[in-house]
Amino acid sequence: MSILVDSTTRLLCQGITGANGSFHAHQMIQYGTRLVAGVTPGKGGSCFAERIPIYDTVSAAVAETGANTSIIFVPAQFAADAILEAAESDIALIVAITEGIPVLDMVRVKHHLNSLGTLLIGPNCPGIITPPVCKVGIMPASIHTPGRVGVVSRSGTLTYEAVAQLTALGIGQSTCIGIGGDPVTGMNFVDILQLFEGDAGTDAVVLIGEIGGNTEEQAAEFIRDQMTKPVVAFVAGQTAPPEKRMGHAGAIISRGRGTAADKIRALEAAGVVVASTPAEIGATVKRVLDG
Amino acid sequence: MKIHEYQAKKLFRKHGIEVPRGIPAFSVEDAAKAAHSLGGDTFVVKAQIHAGGRGKAGGIKVAHSVEEVRRLASQLLDHPLVTHQTTAQGRIVRRLYIEEGVRITRELYLAILLDRELSCPVMVASPEGGTDIEEVARTHPEQIFREVIHPLIGLAEYQCRRMALALGLRDRLLGQAVALMKALYGLFWGLDCSLVEINPLVVTASDSLLALDAKINFDSNALTRHSELLELRDLDEQEPQENEAGKYQLNYIKLEGSIGCMVNGAGLAMATMDIISHYGGQPANFLDVGGNANRERVAAAFKIITADPAVKAIFVNIFGGIVRCDMLAQGVVEAVREVGLTVPLVVRLDGTQVERGKQILTESGLNMIVADSMADGARRAVQAAG
């Protein structure tokens, strides 16, 4: 069991002929993901890796291949358009890897997707992996191992760090999801926690937050009121100076709000065990699972 | 991206938002000339820095003669201004804005910004303007009004009217306020702003609305479609290393410590700073090489770190995903060959192509400490920095 992606996922890759798109398409195929189509406007009719058809439009790709999920590598200035195209073509789940999409583009896109009921992960995220069956993302596959702990994070590489620690301790993962570090993203912590809570294949959840915004605080509220499964957390940016944008557009402590200390306090008050350093995420999960 | 008040006011004027007459000045002589050509008997001399709280910090002064403008200008120009939003060293004032004095009857607050929770723009206003709005929000939350703007509809006129009336703007001021709010939203949306703020928005003695201050922040991700705005950047407002990093699309922020950090991914970069602090060290910088890093950018990043005299040790912490360890290792090796290495270098590699990356480092024969985990690397870097 898992959430969002599994053996029924039929993946479409938008931007499959770009450098990142083609490298990671190969990696996903190698992992066993059913990559059924690619889309690059102007290159319709050709093939990727000699067998995966490339289409000019998402609707043609969906009609011909039955794709139900799309991963997007399209450059930032065209990415919002690519997301809208996927949503209008009945793709149920969109994973946007692209970083640097203008925030107001995402504001428009998000409101439109909400009205269509399309699920969006990202942008500026590493994607989703359900080991060992399906990878829809750019994460290094080898660090993952199947199991019963769900992982959700606003960061990319810090998620890899946490997952590698879990795997090294023999703790497998049900599904790992990076929701992205931008101020406006598709699904948020609460959406994902809800899915993990209802997933029979997940026993516990690791939540990796960072400074900025208040999604960790919202997650804490949800955990306190509605979650029965144990949650372990880490919040990055405890030593970050205020009013500085730390790479992720979302990671800025603005005018004293969204500090790591606030978030840790809220999570702990909701019964979440918070790892004190990023090197102890795995060990903290082990301690919680061992009771 | 931030811009100065005088630049923001020029954009306001272009979008039909009334501002006092004013002239930017880059020298004492400029300032005197500006006052002379503005005329009248009251001038405001305003320090132009990218930080708020200028008024309280003495960066905004009223003068009643050209001579007084000259005197105030010489006190402000080339001197640091310390506000609650700057560091303790403050910011050197290099530009001034000389404005005509305005007789005012009321000071209001008006802003449009992004509400992350709702993923919508929101218009925020208060009848308590001209002061620290955070303070008003804390002490008189009932004096803060909000209108959530549906992004697919835009700011509706009835919302503007409701806001104007809440601010007590009636009669002929009501129509003016609606027009001003719509113009401000047009600017916010049209130029991809993350914040537009008028504090204070004033009612003048002749009963009209005027933006006495102006603040605009732009979404850096959207600057590719507003290339004309790039001219408004003031590189003096950033650390030189930050400007250099910007050229290579690196996310670099100068910090106070002694351990130079090069990391991929913002979350891991922040976590790296956290763990360095945990082991008793202090990071000299935040540096995320980003998902689009190539050898050239990695080399540039490395040079920026080594050029910082405060750096006593370097910690490279990479968990390859979209960034490949072999590419990164090559970039580091090339940079070290070019600029040399005078401080200890600790490298931790993991993830995509890690074996090949480690092999490149080993074969390079460079003197470095290879760490096998993030904690191990941070500990060794702290030790090495002394």
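Attention shifts here to the interface of chain A and chain B. Of the residues lining the interface, 56 residues belong to chain A; the matching set on chain B comes to 54 residues. Taken together, the two surfaces of chain A and chain B that pack against each other cover about 4,300 Å², and 60% of this comes from carbon and sulfur. On inspection of chain A and its partner chain B, the count reaches 2 salt bridges. The partner of E161(A) in a salt bridge is R348(B), with the nearest N and O atoms 2.7 Å apart.

Looking now at the pattern of salt bridges. Residues and elements named next belong to chain B. Inspection of every chain in the model, using the stated rule, returns 37 salt bridges over all chains. A salt bridge links K9 to E5, with the shortest nitrogen-to-oxygen separation between them at 2.7 Å. In this pair, K9 and E5 both sit in helix α1 (residues 5-14), 4 residues apart, roughly one turn of the helix. Between E5 and K46 there is a salt bridge, with the nearest N and O atoms lying 2.6 Å from each other. Taken as a pair, E5 in helix α1 and K46 in strand β2 (residues 43-47) lie far apart in primary sequence, 41 residues in all. Several salt bridges share partner residues, and in doing so they unite E5, K9, K46, R54, E99 and D213 into one network.

Our next topic: the pairing of strand β10 (residues 146-153) of chain A. Residues and elements named next belong to chain A. For β10 and strand β11 (residues 173-178), the ladder comprises 5 bridges, and the chain directions are parallel. The partner of V149 across the bridge, within β11, is Q173. A crossover connection joins β10 to the parallel β11 through helix α5 (residues 157-168); in handedness this β-α-β unit is right-handed.

Let's shift gears to the domain arrangement of chain A. Residue and element names in this part refer to chain A. Domain annotation of chain A identifies domain 1 (11-121) and domain 2 (139-290). Spacing between the C-alpha centres of domain 1 and domain 2 amounts to 26 Å. Summed over both partners, the interface of domain 1 with domain 2 buries about 850 Å², with 70% contributed by carbon and sulfur atoms. For the side of domain 1 that touches domain 2, the secondary structure elements donating two or more residues are α4 (103-116) and β7 (119-121). By residue number, the principal contributor to the side of domain 1 that touches domain 2 is α4, which donates 4 residues. Split by residue class, the side of domain 1 that touches domain 2 holds 8 nonpolar, no polar and 1 charged.

Analysis parameters
Residues numbered from 1 in each chain as written. Chains lettered and ligands numbered in written order. Predicted model: local features only at pLDDT ≥ 70, side-chain atom pairs only at ≥ 80, totals over all residues. Heavy atoms only, no water. Contact = heavy atoms within 4.5 Å. Buried area = accessible area lost by both parts, 1.4 Å probe. Salt bridge = Lys/Arg side-chain N within 4 Å of Asp/Glu carboxyl O. Helix = DSSP H or I, 4+ residues; strand = E, 2+ residues; numbered from the N terminus. Pairing = 2+ DSSP bridges. Right-handed = clockwise from strand over helix to strand, strands pointing away. Domains from an automatic or database assignment. Nonpolar A, V, L, I, M, F, W, Y, C, P; charged D, E, K, R; others polar.

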